[in-house]
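# Examining the three-dimensional arrangement
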Amino acid sequence: MKQVTASVISNREVMPEVYLIWLESPQIAFTAQPGQFVMARCGEETLLRRPLSIHQLADGAKLAFLFNVVGKGTHWLAQCQVGDNIDLLGPLGNGYSIHSESHNLLLVAGGIGIAPLRFLIDKTLEQGKEITLLLGAQTSSHLYPKNLLPLGIGLAETTEDGSAGERGMITDSFRGFVFSAWADQIFACGPMPMYRDMARRKQELKLEGKPVQISLEVRMGCGRGVCYGCTLKTKSGLKQVCTDGPIFALDDVLWDELAY
Ligand SMILES: Cc1cc2nc3c(=O)[nH]c(=O)nc-3n(C[C@H](O)[C@H](O)[C@H](O)COP(=O)(O)OP(=O)(O)OC[C@H]3O[C@@H](n4cnc5c(N)ncnc54)[C@H](O)[C@@H]3O)c2cc1C
């Protein structure tokens, strides 16, 4: 983990209220793994740093974040201009664990949940894995743009209003559940209700016996295991999302005891 000053290379709105920011930071890019995150100081706007997943790397020195503008910190980030400096702490947390014997990977991205999965796509394509990405959003304008995705992956889209892809929730798009049957491993990132639905309908969605890893985006204080603000009850005891996660096995989380 390093504390660095990263300079902004570009920052643009790629979906309504969702920005893609690229920064120069060889120190973080060098060791970052898919699923890890940074804590970003958002100017003087916020006392606490804000956690952001590493979205993509390029040229061994550049890294990108994809973020939704929801409050003071992300609003500040959206205003950053080329050449501005951002103080980052990272890479933090444990990333996704990709099993060497797994070939078929199903990635499930609910809304801004594509943020950590984009980096996982690049990494696993390099390893020669087959990837199917399920992208879900409320409406077509909130679907991650296809031109930001690499070639060579399978893609299925769903929108809640039916304006693109299949109509419905992303978990409905397991399409007769051929995708889950096909997958050797499943990686998901999305809102808590999506995870709860997957956990509750595990048998129906043919997820039983499949290794499913999820990224938990809970409120976080320090990001370094000091404040215990993101403590979570799991089947293997109390865990801190920042240092033990943010990646967890879907099966390990005690969903009924979760306050989120
Ligand atoms: C490990 C991790 C990785 C994350 N990666 C990303 C990412 O790549 N892209 C992205 O857009 N967001 C990501 N988040 C969520 C992001 O950190 C929050 O949206 C951000 O901190 C909000 O800061 P703010 O100052 O703009 O909003 P605040 O003023 O702090 O909050 C505004 C609103 O957002 C809600 N909110 C704040 N934090 C969270 C959170 N962690 N989860 C859900 N709702 C929240 C608040 O309840 C409130 O309603 C991640 C969170 C974690 C824990």
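### A closer look at the site of the ligand
Close to the ligand lie 22 residues, the nearest being Ser53, Gly71, Gly73, Thr74 and Ala115. Of all the elements in the fold, those that place two or more residues in the shell around the ligand are strand 4 (50-53), strand 6 (62-68) and helix 2 (72-79).

### Quick notes on the pairing of strand 9 (residues 130-137)
Each regular strand carries side chains that alternate between the two faces of the sheet. Of all eight residues making up strand 9, six are buried, and the element is well covered by its neighbours. In this sheet, strand 9 lies alongside strand 8 (residues 104-110) in parallel orientation, the contact comprising seven bridges. Bridge pairing in strand 9 places Val108 opposite Leu134. Regarding the hand of the β-α-β motif, the stretch spanning strand 8, helix 3 (residues 114-126) and strand 9 is right-handed. With six bridges connecting them, strand 9 and strand 10 (residues 154-159) associate as parallel partners. Within strand 10, the position partnered with Gly136 by the bridge is Thr158.

### Some remarks on the environment of Leu125
Tracing the backbone through its elements, the reader meets Leu125 in helix 3. Here the alpha-carbon distance between Leu125 and Ile153, two residues 28 residues apart in the chain, equals 8.4 Å. Dropping the residues within four chain positions of it, Leu125 is found in contact with Ile131, Pro150 and Gly152.

### Section: the sheet that holds strand 10
The strand order across the open sheet formed by seven strands is 11-10-9-8-12-13-16, and the pairing between neighbours is mixed. The sheet is open, and its two edges are formed by strand 11 (166-167) and strand 16 (247-249), each paired on a single side. Along the sheet face, helix 3 touches strand 8, strand 9, strand 12 (185-189) and strand 13 (212-215) and points at about 160° away from the line of strand 8.

### A few points about the domain arrangement of the chain
Looking at the chain, the domain boundaries give domain 1 (2-92) and domain 2 (104-215). Placing the centre of domain 1 and that of domain 2 at their C-alpha centroids yields a distance of 24 Å. Contact residues are listed per partner, giving 13 residues for domain 1 and 14 residues for domain 2. When the residues that make up the side of domain 1 that touches domain 2 are grouped by side-chain class, the tally is eight nonpolar, five polar and no charged.

### Section: the nonpolar core
The biggest cluster of nonpolar side chains holds 70 residues, and the ones touching the most others in it are Val38, Leu66, Leu107, Ala109 and Ala188. In terms of residues, this core owes the most to one element, helix 3, which gives six residues. Viewed by domain, this core spans two of them, domain 1 (2-92) and domain 2 (104-215), each represented by three or more residues. Those residues in contact with Leu107 that lie beyond four places of it in its chain are Leu117, Leu120, Ile121, Ile131, Leu133, Leu134 and Phe187.

### Section: helix 3
The end-to-end C-alpha distance of helix 3 is 18 Å, a good match for the 18 Å that 13 residues give at a rise of 1.5 Å each. In the segment just after helix 3, Gly128 is the residue with positive phi, at about 80°.

### A closer look at unusual backbone geometry
The step from Gly90 to Pro91 runs through a cis peptide bond, and the omega angle for that step is -5°. Note on placement: Pro91 falls in strand 7 (residues 85-92). Backbone torsion omega between Gly245 and Pro246 reads 10°, so that peptide bond is classified as cis. Assignment of secondary structure puts Pro246 in the loop between helix 6 (241-244) and strand 16. With a phi close to 55°, Asp59 is a non-glycine residue in the positive phi region. Relative to the helices and strands, Asp59 is located in the loop between strand 5 (56-58) and strand 6.

Conventions used here
Residues numbered from 1 in each chain as written. Predicted model: local features only at pLDDT ≥ 70, side-chain atom pairs only at ≥ 80, totals over all residues. Near = placed C-beta within 6 Å. Helix = DSSP H or I, 4+ residues; strand = E, 2+ residues; numbered from the N terminus. Buried ≥ 20, exposed ≤ 12 C-beta atoms within 10 Å, placed from the backbone. Pairing = 2+ DSSP bridges. Right-handed = clockwise from strand over helix to strand, strands pointing away. Contact = placed C-beta atoms within 7 Å. Axes fitted to C-alpha atoms, helices over the stretch in contact; angles between N-to-C directions. Domains from an automatic or database assignment. Nonpolar A, V, L, I, M, F, W, Y, C, P; charged D, E, K, R; others polar. Core = buried A, V, L, I, M, F, W, Y, C linked by C-beta atoms within 7 Å. Expected span 1.5 Å × (residues − 1).

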